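# Architecture at a glance
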Amino acid sequence: MNIIVFALLALLAITAVAIARLRELWAAIMFTGIYSFLSASWMMILDAPDVAFTEAAVGAGISTVLMLSTMALTGQGEDIPRKSSWMPILIVVVTGATLVYGTLDMPALGAPDAPVQLYPSPSYVERSVEDMHGLPNVVTALLASYRGYDTLGETTVVLTAGIAVLLILRRDPKEASATEPSAGDEPA
Amino acid sequence: MTLETIAGLYNYWMVIFLMMTGFYIVLARKNLIKSVIGLNIFQTSVFLLYITMGKVNNGTAPIIPPAIVEAQKSAHESHAGAAAGGVAEHGAGVAEHGAGVAEHGAVVAEHGAGAAEAVHAAGDIVYSNPLPSVLMLTAIVVGIATTALALALVVRIREDYGTVDEERILELDRGE
């Protein structure tokens with residue numbers, strides 16, 4: 001086992017715990033960016049450079065900016081933990097133990113005969129160059145062609161989310177004073 | 001529990017640890033922005049779970065080297081040529097000029113055999129599974145869309161309630 005992987009995993013765990021323990025929201029958001037970047041590095045080691053690039057750009061970049069701007073708009077940097085903190089820990093430990101018990105049946109890491117590897121991945125790798133007229137990146141071929149409808153659905157989701165954000169944040173100056181008392185129905 | 005089992009499963013345990021940390025943040029914090037952070041951590045751990053499953057021992061990223069792509073392309077072309085040659089040979093007994101085409105087809109077929117050997121030599125490269133990468137690329141983009149929506153709702157809640165503290169919001173709801 002690689003020493004770099006161990007260092008990376010230790011850093012990931014420390015960052016996650018730090019985010020859970022930090023009271024200051026600003027620092028927690030910064031640590032979220034670091035966490036995203038570390039997980040992108042781990043994805044790079046796990047042979048998924050495309051996902052690593054996207055995670056570094058979206059997770060460490062865009063989502064950090066979005067959270068910082070939300071914090072600036074709400075203007076509340078402090079986070080007070082709940083009084084009784086043993087109940088969440090109990091739930092989390094029990095759930096985690098159940099999941100760990102579930103992993104005992106999983107195929108070992110990197111096993112070439114794991115069910116995931118048997119079908120249909122080899123056929124994609126074998127056929128994509130011929131099907132895509134010499135496109136070297138199999139992930140691109142899969143994303144844009146074999147699973148093109150997935151990508152179409154994804155763009156639909158992004159469009160819907162964009163419209164929804166615009167509608168939620170829109171402030172009509174005429175209605176602003178009139179709808180102020182009755183606007184409380186939305187967050188319920 | 002042997003050392004081998006641990007070496008084969010430690011990635012999953014790491015993923016579960018990160019997932020549970022995110023879950024804990026969602027449960028134990030009452031600031032709404034902090035909840036969104038917890039959901040983000042949870043989400044990233046799911047990405048890592050999928051990527052971990054796609055890894056193959058001694059594998060490399062599923063990007064085929066340009067040399068092999070070239071060889072495979074020319075092999076493909078000459079394969080088509082050879083097929084045409086076969087048809088022409090069949091027709092050689094019927095038409096005279098078909099023989100010339102068949103010869104040409106044989107030359108291309110030879111060239112194709114050389115290219116196929118090159119492909120075979122380079123075919124020992126082990127690629128990791130591209131499918132989890134593709135699924136997670138989609139999931140990341142959908143994830144940022146939902147995060148943006150959640151944060152917009154937080155901003156809206158702050159406008160109406162004047163706070164992003166979950167318990168305070170519930171108190172205001174009960175009091176009104």
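Residues numbered from 1 in each chain as written. Chains lettered and ligands numbered in written order. Predicted model: local features only at pLDDT ≥ 70, side-chain atom pairs only at ≥ 80, totals over all residues. Heavy atoms only, no water.

## Focus: the overall build of chain A
Worth spelling out the cut-off: Every helix listed is a DSSP run of H or I at least four residues long, and every strand listed is a run of E at least two residues long, numbered separately from the N terminus. Using a 1.4 Å probe on the protein chains alone, a residue whose accessible area is under 20% of its type maximum counts as buried, one over 50% counts as exposed, and one in between counts as partly exposed. Each accessible area is a Shrake-Rupley result for a 1.4 Å probe, and residues are judged covered by the shown protein chains and nothing else.
A count of helical and extended segments in chain A gives eight helices and zero strands. Along chain A, helices and strands appear, N-terminal first, in the series α-α-α-α-α-α-α-α. Burial analysis of chain A (188 residues in total) assigns 35% to the buried set. Of the roughly 10900 Å² that chain A leaves accessible, carbon and sulfur atoms contribute 69%.

## As for the UniProt feature "transmembrane region" (unreviewed entry) in chain B
Residues and elements named next belong to chain B. For clarity, the threshold we go by: UniProt positions are given in the numbering used here, feature names are shortened, and annotations may be inferred rather than shown by experiment.
On the UniProt side, "transmembrane region" (unreviewed entry) is annotated at positions that read residues 12-28, 35-53 and 134-155 here. Its end C-alpha atoms 28 Å apart, residues 35-53 is made of 100% helix and 0% strand. Helix makes up 100% of residues 134-155 and strand 0%, whereas the separation of the span's terminal C-alpha atoms amounts to 32 Å.

## Some thoughts on empty space enclosed by the protein
The test is simple: Grid points spaced at 1 Å over the protein atoms alone were grouped into cavities, where a 1.4 Å probe fits but cannot get out, and pockets, open sets with protein on both sides within 12 Å along at least five of seven lines, with lining residues defined by an atom within 4 Å of a point. Grid points are joined across faces, edges and corners, and a volume is the space filled by probe spheres set on the points. Basically, the charged four are Asp, Glu, Lys and Arg, the nonpolar ten are Ala, Val, Leu, Ile, Met, Phe, Trp, Tyr, Cys and Pro, and anything else, Gly included, counts as polar.
If you walk through the whole model with that rule in mind, you get three cavities of 30 Å³ or more. Here the largest cavity defines a volume of roughly 140 Å³. If you list the elements that add at least two residues to the lining of the largest cavity, you get helix 2 (25-45) and helix 3 (49-74) of chain A together with helix 2 (32-54) and helix 5 (130-161) of chain B. Take the lining of the largest cavity: its biggest share by element is five residues, from helix 2 of chain B. Across the lining of the largest cavity, the residue classes break down as six nonpolar, nine polar and one charged. Looking at the second largest cavity, its volume works out to about 60 Å³. In terms of lining residues, the second largest cavity is bounded by P107, A108, L109, G110, A111, A114, V116 and Q117 of chain A together with Y12, T52, M53 and K55 of chain B.

## So, the UniProt feature "domain: MrpA C-terminal/MbhD" (unreviewed entry) in chain A
According to UniProt, the positions carrying the feature "domain: MrpA C-terminal/MbhD" (unreviewed entry) are residues 10-74 of chain A. When the span residues 10-74 of chain A is considered, its composition is 91% helix and 0% strand, and the gap between its end C-alpha atoms is 33 Å.

## Describing the pattern of salt bridges
Stated precisely, the cut-off is as follows: Basic side-chain nitrogens of Lys or Arg form a salt bridge, by our definition, when they fall within 4 Å of a carboxyl oxygen of Asp or Glu.
Applying the stated criterion to the full structure yields five salt bridges over all chains. Close ionic contact of K55 of chain B with D47 of chain A constitutes a salt bridge, the shortest N to O distance being 3.0 Å. In this pair, K55 of chain B is assigned in the loop between helix 2 and helix 3 (66-92) and D47 of chain A in the loop between helix 2 and helix 3, connecting two distinct chains. According to the relative accessible area criterion, D47 of chain A is buried, its value standing at 11%. Taking the shortest distance from any N to any O, the salt bridge between D150 of chain A and R147 of chain A comes out at 3.0 Å.

## Some words on a nonpolar patch on the surface
For clarity, the threshold we go by: For patch detection, residues must exceed 30% relative accessible area and be free of salt bridges, and they are connected within 9 Å for like charges or within 5 Å for nonpolar side chains (Val, Leu, Ile, Met, Phe, Trp, Tyr).
A cluster of nonpolar side chains, contributed by W86, M87, L90, I91 and V94 of chain A, occupies part of the molecular surface with about 500 Å² of accessible area. Summarising the element assignment, L90 of chain A is placed in helix 4 (residues 86-103).

## Describing the nonpolar core
Just so we agree on the cut-off: To define a nonpolar core, start from buried Ala, Val, Leu, Ile, Met, Phe, Trp, Tyr and Cys residues and group those joined through side-chain atoms within 4.5 Å. Contacts are assigned to residue pairs that have any heavy atoms within 4.5 Å of one another.
Membership of the largest hydrophobic core comes to 57 residues, with the highest contact counts inside it found for L12, W42 and V51 of chain A. At the level of secondary structure, the elements contributing two or more residues to this core comprise helix 1 (3-21), helix 2, helix 3 and helix 7 (138-146) of chain A together with helix 1 (3-28), helix 2 and helix 5 of chain B. In this view, W42 of chain A contacts V5, L8, L9 and L12 of chain A together with N11, M14, V15, L48 and T52 of chain B; residues no more than four positions away in its chain are not counted. In terms of nonpolar packing, the next biggest core, distinct from the first, is built from seven residues, V125 of chain A together with I64, I68 and Y127 of chain B among them.

## A word on the packing of helix 2 of chain A against helix 3 of chain A
Residues and elements named next belong to chain A. The line we're drawing: Note on geometry: axes are lines fitted to C-alpha atoms, helical ones only across the stretch in contact, with angles between N-to-C directions running from 0 to 180 degrees. Note on angle classes: values under 35 degrees are labelled roughly parallel, values over 145 roughly antiparallel, values of 65 to 115 roughly perpendicular, and the remainder oblique.
For the pair helix 2 and helix 3, interaxial distance at closest approach is 7 Å and the crossing angle is 175 degrees. With respect to helix 3, the axis of helix 2 lies roughly antiparallel. When helix 2 is examined against helix 3, the residues L25, W26, I29, M30, G33, S36, F37, S39, A40, M43 and M44 are found in contact with a partner set consisting of P49, V51, A52, E55, A56, G59, A60, T64, M67, L68 and M71.

## Things to note about the domain arrangement of chain A
Worth spelling out the cut-off: The domain limits used here are those given by an automatic or database domain assignment.
With domains assigned, chain A is organised as domain 1 (1-80) and domain 2 (112-175). Relative to domain 2 of chain A, the C-alpha centre of domain 1 of chain A lies at a distance of 23 Å.

## As for the interface of chain B and chain A
Formally: A 1.4 Å probe defines the accessible area here, and the buried area is the portion of it lost by two parts on being joined, summed over both.
Taken together, the 87 residues of chain B in the interface contact 95 residues of chain A. Between chain B and chain A the total buried area reaches about 8500 Å² when both faces are included, carbon and sulfur atoms providing 73% of it. The interface formed by chain B and chain A includes one salt bridge. Broken down by secondary-structure element, the contributors of at least two residues to the side of chain B that touches chain A are helix 1, helix 2, helix 3, helix 5 and helix 6 (166-175) of chain B. If you tally residues by element for the side of chain B that touches chain A, the top one is helix 5 of chain B, at 27 residues. Considered class by class, the residues forming the side of chain B that touches chain A number 54 nonpolar, 21 polar and twelve charged.

## Notes on the side chain of T163 of chain B
Short version of the rule: Two N or O atoms count as a polar contact when they lie within 3.5 Å, although within protein this holds only if one can serve as hydrogen donor and the other as acceptor, and sequence-adjacent residues are included solely when both atoms are side-chain atoms.
Residue position: T163 of chain B is located in the loop between helix 5 and helix 6. A distance of 3.0 Å separates a polar side-chain atom of T163 of chain B from the backbone nitrogen of D165 of chain B.

## So, the confidence of the model for chain B
Should pLDDT be low for a region, the predicted coordinates there are not to be read in detail. Residue and element names in this part refer to chain B. Here is the rule we go by: For every residue, the predictor assigns a confidence score, pLDDT, that lies between 0 and 100.
Across chain B, pLDDT averages 77, with 72% of residues at or above 70. The spread of mean pLDDT over the elements of chain B runs between helix 4 (residues 98-122), the lowest at 48, and helix 2, the highest at 92. In this model, residues 105-110 is a region of pLDDT below 50 whose contacts with residues beyond four sequence positions or in other chains number six contacts. Segment residues 114-121: pLDDT under 50, and seven contacts once partners within four positions in sequence are set aside and those in other chains are kept. The ipTM assigned to the predicted complex is 0.85, against a pTM of 0.79.

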